[in-house]
Amino acid sequence: MNPVRLWRDGQGLLGAEWGEGQRREGLVPVRCFPLSAAEGWISLGDREGREVLLLETLEGLEAAGRELLLGELSRREFMPVIQQVLEIHPEDADPSEWRVITDRGEARFTLPGEDNVRPVGRGGYVLSDSHGIRYRVLDLSKLDTHSRRLLSRFCP
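Here the structure is a predicted model, which means the values were calculated and not measured. (Residues numbered from 1 in each chain as written. Predicted model: local features only at pLDDT ≥ 70, side-chain atom pairs only at ≥ 80, totals over all residues. Heavy atoms only, no water.)

A word on the nonpolar core
Short version of the rule: Put simply, a nonpolar core is a bunch of buried Ala, Val, Leu, Ile, Met, Phe, Trp, Tyr and Cys residues held in one set by side-chain atoms that sit within 4.5 Å of each other. Summary of the burial criterion: residues with accessible area below 20% of their type's maximum are buried, those above 50% are exposed, and those between are partly exposed, where the area comes from a 1.4 Å probe applied to protein chains only. Secondary structure elements are taken from DSSP: a helix is a run of H or I of four residues or more, a strand is a run of E of two residues or more, and numbering for both begins at the N terminus. Between two residues, a contact is recorded if the distance between any of their heavy atoms is within 4.5 Å.
Residues Ile-82, Val-85, Trp-98, Phe-109 and Leu-127 are the most contacted members of the largest nonpolar core, which totals 19 residues. Mapped onto this core, the elements with two or more residues apiece are strand E6 (82-89), strand E7 (96-102), strand E8 (105-111), strand E10 (124-128), strand E11 (134-137) and helix H2 (145-151). If we ignore the near neighbours within four places in the chain, the residues touching Phe-109 are Ile-82, Ser-96, Glu-97, Trp-98, Val-100, Leu-127, Asp-129 and Tyr-135. The next biggest cluster of nonpolar side chains, apart from the first, holds 15 residues, and it includes Trp-18, Leu-44, Leu-53 and Leu-73.

Written out as structure tokens, the structure is:
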């Protein structure tokens, strides 16, 4: 497959050119999954949500196009990374109120239950609060002792 070239169109959305002269504008990138493979499986869809192009990997993208795509994804995705867990109250019942420090500052949220915590990769977790906002723990083993103790019920 010929390389994909990306740019920002006149409306501020992504444009792409690939293959034998195929070209589309007004594209919206969405990470398919998994979170552990953040450098691939990115769908470029039209405004109605129909997939136009699937990037299995970002290899082969020009540096400017790669930077544009990753910047666009970071604006669309809001997933603060938990760096420290200050408190969980109550520690042994659901729902629980959390106070954490993230890469975007201090946050408070309600976790409905243990089912809202899912493992991702080696030592990582994603927590979904009562409003659907997701928080990431990149590597449980790299958190401080107090945070790991509080998380032990949710992240075995």
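Points about the packing of aromatic side chains
To be explicit about the condition: Think of it this way: a Phe, Tyr or Trp ring, Trp meaning its six-membered ring, pairs with another when their centres are within 6.5 Å, and the plane angle makes it stacked under 30 degrees, edge-to-face over 60, tilted otherwise.
Tallied over the entire structure, the rule returns 3 aromatic pairs. When the ring of Trp-98 is compared with that of Phe-109, the centres are 5.5 Å apart and the planes differ by 20°; the resulting orientation is stacked. Taken together, the positions of Trp-98 in strand E7 and Phe-109 in strand E8 put the pair 11 residues apart, joining distant regions of the chain. Exposure remark for Trp-98: the relative accessible area of 2% places this residue in the buried category. Given a relative accessible area of 4%, Phe-109 falls into the buried group. Ring geometry for Phe-109 versus Tyr-135: centroids 4.2 Å apart, planes at 15°, classification stacked. With Phe-109 in strand E8 and Tyr-135 in strand E11, the pair connects residues that are 26 residues apart, well separated along the chain. Here Phe-109 and Tyr-135 have matching classes, each one buried.

Let's talk about the side chain of Asp-129
Convention followed: Charged residues are defined narrowly, with Lys and Arg counted positive, Asp and Glu counted negative, and His plus the chain ends left uncounted. Salt bridge criterion: a side-chain nitrogen from Lys or Arg within 4 Å of a carboxyl oxygen from Asp or Glu. Counting of polar contacts relies on pairs of N or O atoms within 3.5 Å, with two restrictions inside protein: one atom must be capable of donating a hydrogen and the other of accepting it, and residues adjacent in sequence are counted only when both atoms are side-chain atoms.
One can find Asp-129 in the loop between E10 and E11. An unpaired buried charge is present at Asp-129: no salt bridge exists, and Arg-134, the closest side chain of opposite charge, is 9.3 Å distant. Engagement of the side chain of Asp-129 in a polar contact is seen with the backbone nitrogen of His-131, the distance being 2.8 Å. Asp-129 has contacts with Phe-109, Thr-110, Pro-112 and Tyr-135, leaving out every residue within four places of it along the chain.

Concerning the environment of Glu-25
Within the element layout of this structure, Glu-25 appears in strand E3 (residues 22-31). A relative accessible area of 45% places Glu-25 in the partly exposed class. Along the chain, Glu-25 and Arg-8 lie 17 residues apart, while their C-alpha atoms are 8.3 Å from each other. Discounting residues that sit within four places of it in the chain, Glu-25 has contacts with Trp-7, Asp-9, Leu-14 and Gly-15.

A closer look at the pattern of salt bridges
Enumeration according to the criterion identifies 12 salt bridges in this entry. A salt bridge links Arg-149 to Glu-91, with the shortest nitrogen-to-oxygen separation between them at 3.2 Å. Taken together, the residues span a long stretch of sequence, with Arg-149 in helix H2 and Glu-91 in the loop between E6 and E7 at a distance of 58 residues. What makes Arg-149 partly exposed here is its relative accessible area of 43%. Given a relative accessible area of 40%, Glu-91 falls into the partly exposed group. For Asp-94, the salt bridge goes to Arg-153, with nearest N and O atoms at 2.6 Å. Of the two residues, Asp-94 sits in the loop between E6 and E7 while Arg-153 sits in the segment after H2, which places them 59 residues apart along the sequence. The exposure class assigned to Asp-94 is partly exposed, which follows from its relative accessible area of 39%.

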